[in-house]
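Here's the letter readout for the chains.
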Amino acid sequence: MAFQLHFVQGPLIGKRHALREGESLVIGRGSGATLRIPDPQISRRHCEISEGEASLAIRDMNSSNGTFVNGRRVTEVELQIGDRVILGTNLIEICSSDMQVQRCSRCEAELSLSDLAQDGKDGLCLTCRKAAQLSFVIPGYTIERMLGKGAFGAVYLGKRQEDDLSVALKIVKHDTIRNEADVKRFFREAESARKLVHPSIVQVYDSGEAEGYYFIAMEWVDGKSIAQHIQARGALTVRDTLRLGVQLTDALQHAYTRSIVHRDIKPDNILVHRDGIPKIVDFGLAKSFDQSGISGLTAPGAGMGTLAYMPPEQLDNALNADQRSDIYSLGATFYHMLAGRRPFEERTTRNFILKILRESPTPLRELNPKVPASLSHLVARAMAKKPEDRYRVPAEMQADLIKIFERSEF
């Protein structure tokens, strides 16, 4: 039987790889792999899939994060049609090569075996089916399709019924929120963002509770995140980075003047509209630094944020974060935009933290010679280990970005 691998989640989502009879396929992120996946969560040589005359087998190659088949970690096992393999952030379904591709009747995404196995013949993928089931859950809104899913909830594209305005609906079920502090943290995103009205900050319209769900209705951005742009096309140009940077520093200055610090600036939390305007999203970790500690939502020692872009002072305690912490995270984001990779890459959390605390990333110009020395210096200053060595406020960083932009020849 001829087999193929269908990538349902991860960097290669939507891709299919047909296996030839007798082929042995090494999957990993390194040059020694025959099928390379740009995912830091998998090993350089993660696992091997080999096909015989009528069977398929998978063997883990001592990977750091393990190989999982149907939710169970395995060392070596035979695979069957319909099996689901998880490697890092990747979900792969085992299919027959002669299986016809079917697409969702609403979003036109390729239907996976899981979609086809669901009850009903509606021709919808699982995410659109779930969205359809939620159509009447949030009064005043019609839900059209899922835009993305996280650990505790999902974001859907919807319409506000009163004026047919397209909105992004962030929805969390009651049973996924563990305690009152989590509920407060969810609604704090709406409270923080409502104070901010800026072209490069996603606007929040509404929030509330309805029929077993908490929700936030916000501006829908027709575009992709910077992380998705990098994943699809690699590093951004110097010109695009400067253009986006001027707008993003302006947005952070706007937040600073209203005593709001984001605490999780990263490529995933910056959407770029089709017209080129960047939009900062997800103020779920934001705090009002003129009322630091009063909310009681951040326990001492809690290093909230995303490790790859987190400044040293925030690793120990998120209460230490101020506007200079956002400047560091934006600098780390610029680094990723210009280098095409994160400032630090480590397999273990301990090594990651040690690098953030003690080491400087590889100089930008070694990875991308097109980066002007002045811009490389700006990023290094933004990412200084000590907050007092960084820009004091985002407006200072913006002023230097404008000078570099005006002096540069494109």
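Here the residue numbering is sequential within each chain, running from 1 through the sequence in written order. At least 70 in pLDDT is required for a residue's local features to be given in this predicted model, at least 80 for side-chain atom pairs to be given and counted, and no such filter applies to totals for whole chains, interfaces and linings, which use all residues. Computation of side-chain values: all heavy atoms of the structure, hydrogens and water removed.

**Q** Give me the overall build of the protein chain: which residues, what numbers.
**A** Helix and strand definitions here come from DSSP, where helices need a minimum of 4 consecutive H or I residues and strands a minimum of 2 consecutive E residues; each element is numbered from the N-terminal end. Check the secondary structure of the protein chain and you find 11 helices and 21 strands. The contact definition used throughout considers only heavy atoms, calling two residues in contact when any of these lie within 4.5 Å. Taking the contacts inside the protein chain whose residues are at least 6 apart along the sequence as the reference set, 54% of them involve residues at least 24 apart. If you sum the accessible surface of the protein chain, you get close to 20000 Å²; carbon and sulfur atoms cover 47% of it. Throughout, the Shrake-Rupley method with a 1.4 Å probe supplies accessible areas, and for residues the shown protein chains are the sole cover considered.

**Q** Go over the packing of helix 5 (residues 238–257) against helix 7 (residues 323–339) with me, naming the residues and quoting the values.
**A** Closest axis-to-axis distance for the helix 5/helix 7 pair is 11 Å, and the angle between their directions is 165°. Here helix 5 lies roughly antiparallel to helix 7, going by the angle between them. Judged by the twist between their axes, the crossing of helix 5 over helix 7 is right-handed. Packed against helix 5, whose contacting residues are Val 238, Thr 241, Leu 244, Gly 245, Leu 248, Thr 249, Leu 252 and Tyr 256, the element helix 7 presents Gln 323, Asp 326, Leu 330, Phe 334, Met 337 and Leu 338 at the interface. Along the lines of polarity and charge, the residues of the contact of helix 5 with helix 7 split into 9 nonpolar, 4 polar and 1 charged. Helix axes are fitted only over the stretch in contact, all axes being lines through C-alpha atoms; the angle between N-to-C directions runs from 0 to 180 degrees. Our angle categories are set so that under 35 degrees counts as roughly parallel, over 145 as roughly antiparallel, 65 to 115 as roughly perpendicular, and the remainder as oblique. In this scheme, a crossing is called left-handed if the near helix is turned counterclockwise away from the far one by less than a right angle; it is called right-handed if the turn is clockwise. Classes in brief: Ala, Val, Leu, Ile, Met, Phe, Trp, Tyr, Cys and Pro nonpolar; Asp, Glu, Lys and Arg charged; the others, Gly included, polar.

**Q** Describe the nonpolar core, with residues and values.
**A** Put simply, a nonpolar core is a bunch of buried Ala, Val, Leu, Ile, Met, Phe, Trp, Tyr and Cys residues held in one set by side-chain atoms that sit within 4.5 Å of each other. Buried means the residue's accessible area, taken with a 1.4 Å probe over protein chains only, is under 20% of the maximum for its type, while exposed means over 50%, and partly exposed covers the values in between. Among the nonpolar cores identified, the biggest contains 45 residues, and Phe 334, Leu 375, Leu 378, Val 379 and Met 397 are the most heavily contacted of them. Of all the elements in the fold, those that place two or more residues in this core are helix 4 (226–233), helix 5, strand 19 (270–273), helix 7, helix 8 (349–358), helix 10 (373–382) and helix 11 (394–407). If near-sequence neighbours (up to four positions away) are discounted, Phe 334 is found in contact with Thr 241, Gly 245, Leu 248, Leu 378, Val 379, Met 397 and Leu 401. Listed in part, the 21 residues of the second largest apolar core include Ile 37, Ile 42, Val 74 and Val 85.

**Q** An account of the packing of helix 7 against helix 11 is needed here, citing residue identities and associated values.
**A** In the contact formed by helix 7 and helix 11, the axes pass within 10 Å of each other and the chain directions differ by 35°. Between helix 7, through Gln 323, Ile 327, Leu 330, Gly 331 and Phe 334, and helix 11, the contact on the second element is made entirely by Pro 394, Met 397 and Leu 401. Grouping the constituent residues of the contact of helix 7 with helix 11 by class yields 6 nonpolar, 2 polar and no charged.

**Q** An account of the sheet that holds strand 10 (residues 84–87) is needed here, citing residue identities and associated values.
**A** Read across the open sheet, the 6 strands follow the order 2-1-11-10-7-8; overall the sheet is antiparallel. Of all strands in the sheet, those with a lone pairing partner are strand 2 (16–18) and strand 8 (72–74), marking the two edges. In this sheet, adjacent strand axes meet at a mean angle of 30° when their direction is disregarded. Across 4 bridges, strand 10 lies against strand 11 (residues 90–96) in antiparallel orientation. If you follow Val 85 over to strand 11, its bridge partner there is Ile 92. By the convention used here, strands pair only if DSSP detects at least 2 bridges between them.

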